[in-house]
Structure formats: C-alpha cells, structure tokens
Amino acid sequence: MHGKKFEIVMHKRKAIRKFSKIPLQKQQIDKLLEFKDKILPLFPDVKIELKIISSSDIFGFVFVDAPHYLAVYAERTPRSDLNTGFIVEQFDLYFSANGIGSCWLGMNRPNQTEFKDLPFSIMLAFGSADEELHRTDEAQYKRKEIQEISSGEHCSDCLNTVRLAPSAMNKQPWYFSGDNRCIHAFSVKGKGVINLAESWRFVDLGIALCFLYISACSHDKNCIFKKEDAIPAKKGCEYVISCRLE
C-alpha cells in the first residue's frame, strides 16, 4: 500500500460534492484499474465486486452528480462491511492523492442491484473536482478529540491520524483501547429509534482501520489484524478486532 503518500493525503483529504461533468481521461481510468489489482483486503476470504458506472446507471435522485461512480457489491454483514470500508477507503485515498475528487454515498442505488451474485452495498462518486480538492488546515476537520475515541495516552500515535477518517454523517462510531503494541477496535452502537448512520457503522470502522493500517505502515510498523478472546466489553461499544503493531 502507498503508505507515505497516503499518510500525507489523509491529513488533507475531504469529501468532494461538486464535480466537473467532463469524464476522466482513459489513461486515468486505466491507472485506476491497475490500482484495483493492488488493493489490500482486510479479509481476503470475503467476496466483494467493484464496478464503475455513470449517473445514468443510478436509480432515482442522484445526491452527488459526478461523471463516475464506483459501485460496491458485497454482503451486508458486519465482517463484510468492515472489509468494504477497508477496501473502498483505499480508492478514496488513491483519488485524493492523484488529483481526483471522491465522495462516499450511502443513499443512492444503482439500477443493477446485484452483480456476480452479490447484492449492492455502497458507492463512491469520483471525478475531477469543481471545488478545492484538499483542506489547507486540519482545523477545518469537524472531528472528535482523541480522548473521545480512545482510552488515552497509551494508544498508538497512529490514532491521531485515524481521528481524521471519514464516516457517515461524521458520527465516528469507533473507539480504541490498548497500547502501542496492540490496539483493540470497538464499534460504537447508535442511539435513538431513528439513526441513519447506524447501518453503516461497520463500514465506518473499516474505513478507520484502513487509516490505522496505512499510518502504521508509514511509520515502518507491521500491522496484523486478529480478533482476540476475552476483550472486556465497554458500555455502548461492541468489540470487533485488534491490531498488533510490530
């Protein structure tokens, strides 16, 4: 994975909602397809399919009008959602690092609701940005403080980067405990009867784990994900997976 390059862009990326209507050049699409073959999954055994579509391939109102969309087809289980977030965020960072805008979309649906026997999951709009591509200052991020998403000073410095990860409605439904050798990741359960972001909380955590992995790699650490036994529960949180840093 492009550790150093992606580490830099994680500190300035933003969701783009205004796109040029001009499609990307064929050379850009070809490079994207080359990158697709280098994608690292969180769970190699989980099936996922990716398809590039246009706005004419989307049913109903398009919330973000872009020349291209990356439609994701995968089962909607917690494990599969984690894998989806981890994989697709790599595309999000690839776009941002290569002068292309992108935006996660959870409300749109493609006309093709199944692909290679997998149901549609989520999509990523992408194309040439018709607004500023990057943030100029980390103060422009609307994110929780590090104390709100982790148990404090004993967790890895990588979590300062994870704090900047995108999530549905900026809910940041994750919590981390542990130390610089092993970080335990929790999914924070939504509150209230109606919570539009609740169905995406495992995708969101997958995105955060992608940030964690890339940040660890950029600091020359080997990152190994494994579900541990007997991790104490936390109020309102569901233990999901641990990350050993070596």
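As shown above, the structure is provided for reference.
A short tour of the structure in this document, coming up. (Residues numbered from 1 in each chain as written. Predicted model: local features only at pLDDT ≥ 70, side-chain atom pairs only at ≥ 80, totals over all residues. Heavy atoms only, no water.)

### Some points on the overall build of the protein
And step 1. Counting its secondary structure elements, the protein contains six helices and eleven strands.
And step 2. Against the compact-globule benchmark of 18 Å for 246 residues, the protein has a radius of gyration of 17 Å, which places it among compact chains.
And step 3. Across its three principal axes, the protein shows a C-alpha extent of roughly 50 × 35 × 35 Å.
And step 4. Within the protein, the proportion of its 246 residues that are buried is 52%.
And step 5. Once local pairs closer than 6 in sequence are excluded, the contacts in the protein between residues at least 24 apart make up 73%.
And step 6. For the protein, the exposed area adds up to about 12400 Å²; of that, 51% sits on carbon and sulfur atoms.
And step 7. Between the averaged position of the 34 positive side-chain charges in the protein and that of its 31 negative side-chain charges there is a distance of 2 Å. (Helix = DSSP H or I, 4+ residues; strand = E, 2+ residues; numbered from the N terminus. Rg over C-alpha atoms; globule rule 2.2 N^0.38 Å. Buried < 20%, exposed > 50% of the residue type's maximum accessible area, 1.4 Å probe, protein only. Contact = heavy atoms within 4.5 Å. Areas by Shrake-Rupley, 256 points an atom, 1.4 Å probe, with all protein chains shown as cover. Lys, Arg positive; Asp, Glu negative; His and termini not counted. Charge placed at Lys NZ, Arg CZ, Asp CG, Glu CD.)

### Focus on the pattern of salt bridges
And step 1. Scanning all chains against the criterion turns up eleven salt bridges.
And step 2. One salt bridge connects Glu-49 with Lys-116, and the closest N-O pair in it is separated by 3.7 Å. Of this pair, Glu-49 sits in strand S1 (residues 49-53) while Lys-116 is found in the loop between strand S6 (114-115) and strand S7 (118-127), placing the two residues 67 residues apart along the sequence.
And step 3. By relative accessible area, Lys-116 is classed as exposed at 56%.
And step 4. Between Asp-81 and Arg-76 there is a salt bridge, and its shortest N-O distance comes to 2.9 Å.
And step 5. One network of salt bridges, with partners in common, ties together Glu-198, Arg-201 and Glu-238. (Salt bridge = Lys/Arg side-chain N within 4 Å of Asp/Glu carboxyl O.)

### A closer look at the packing of helix H2 (residues 26-36) against helix H3 (residues 78-97)
And step 1. One way to put it is that H2 packs onto H3 with a least axis distance of 11 Å and a crossing angle of 140°. Note on packing geometry: the crossing formed by H2 with H3 is right-handed. Residues Lys-31, Leu-32, Phe-35 and Lys-36 of H2 form the contact with H3, whose own contacting residues are Gln-90, Phe-91, Tyr-94 and Phe-95.
And step 2. Grouping the amino acids of the contact of H2 with H3 by side-chain chemistry returns five nonpolar, one polar and two charged. (Axes fitted to C-alpha atoms, helices over the stretch in contact; angles between N-to-C directions. Left-handed = near helix turned anticlockwise from the far one by under 90°. Nonpolar A, V, L, I, M, F, W, Y, C, P; charged D, E, K, R; others polar.)

### Observations concerning helix H6 (residues 201-218)
And step 1. The terminal C-alpha atoms of H6, which comprises 18 residues, lie 26 Å apart, in line with the 26 Å expected from a rise of 1.5 Å per residue.
And step 2. Within H6, 17 of the 18 residues are buried, which leaves it mostly tucked inside the rest of the structure.
And step 3. A positive backbone phi angle near 60° is found at Asp-220, which sits one or two residues after H6. (Expected span 1.5 Å × (residues − 1).)

### Some words on the packing of aromatic side chains
Each aromatic ring pair is summarised here by two numbers: the centre-to-centre distance and the angle between the ring planes.
And step 1. One pass over the structure, following the stated rule, counts twelve aromatic pairs.
And step 2. A centroid spacing of 4.4 Å and a plane angle of 20° characterise the contact between Phe-35 and Tyr-94, whose relative ring orientation is stacked. With Phe-35 in helix H2 and Tyr-94 in helix H3, this residue pair connects regions lying 59 residues apart in the sequence.
And step 3. Residue class for Phe-35 comes out buried when judged on its relative accessible area of 6%.
And step 4. With a centroid separation of 5.3 Å and an interplanar angle of 85°, the aromatic rings of Phe-61 and Phe-63 are classed as edge-to-face.
And step 5. What links up through ring pairs into an aromatic cluster is the set Phe-6, Phe-35, Phe-91, Tyr-94, Phe-95 and Phe-126.
And step 6. Of note, Arg-79 hangs over the ring of Phe-43, and the distance from its end group to the ring centre comes to 4.2 Å.
And step 7. Of note, Arg-135 hangs over the ring of Tyr-141, and the distance from its end group to the ring centre comes to 3.9 Å. (Phe/Tyr/Trp six-rings, centres within 6.5 Å; stacked < 30°, edge-to-face > 60°. Lys NZ or Arg CZ within 6 Å of the ring centre and 35° of its normal.)

### Describing the pairing of strand S10 (residues 223-226)
And step 1. Judged by which residues are buried, S10 turns out to be one-sided: Cys-223 and Phe-225 face inward and are buried, whereas Ile-224 and Lys-226, on the alternate face, are not.
And step 2. Two elements, S10 and strand S11 (residues 237-245), share four bridges in a ladder whose sense is antiparallel. Paired with Lys-226 across the two strands is Ser-242, which belongs to S11. (Pairing = 2+ DSSP bridges.)

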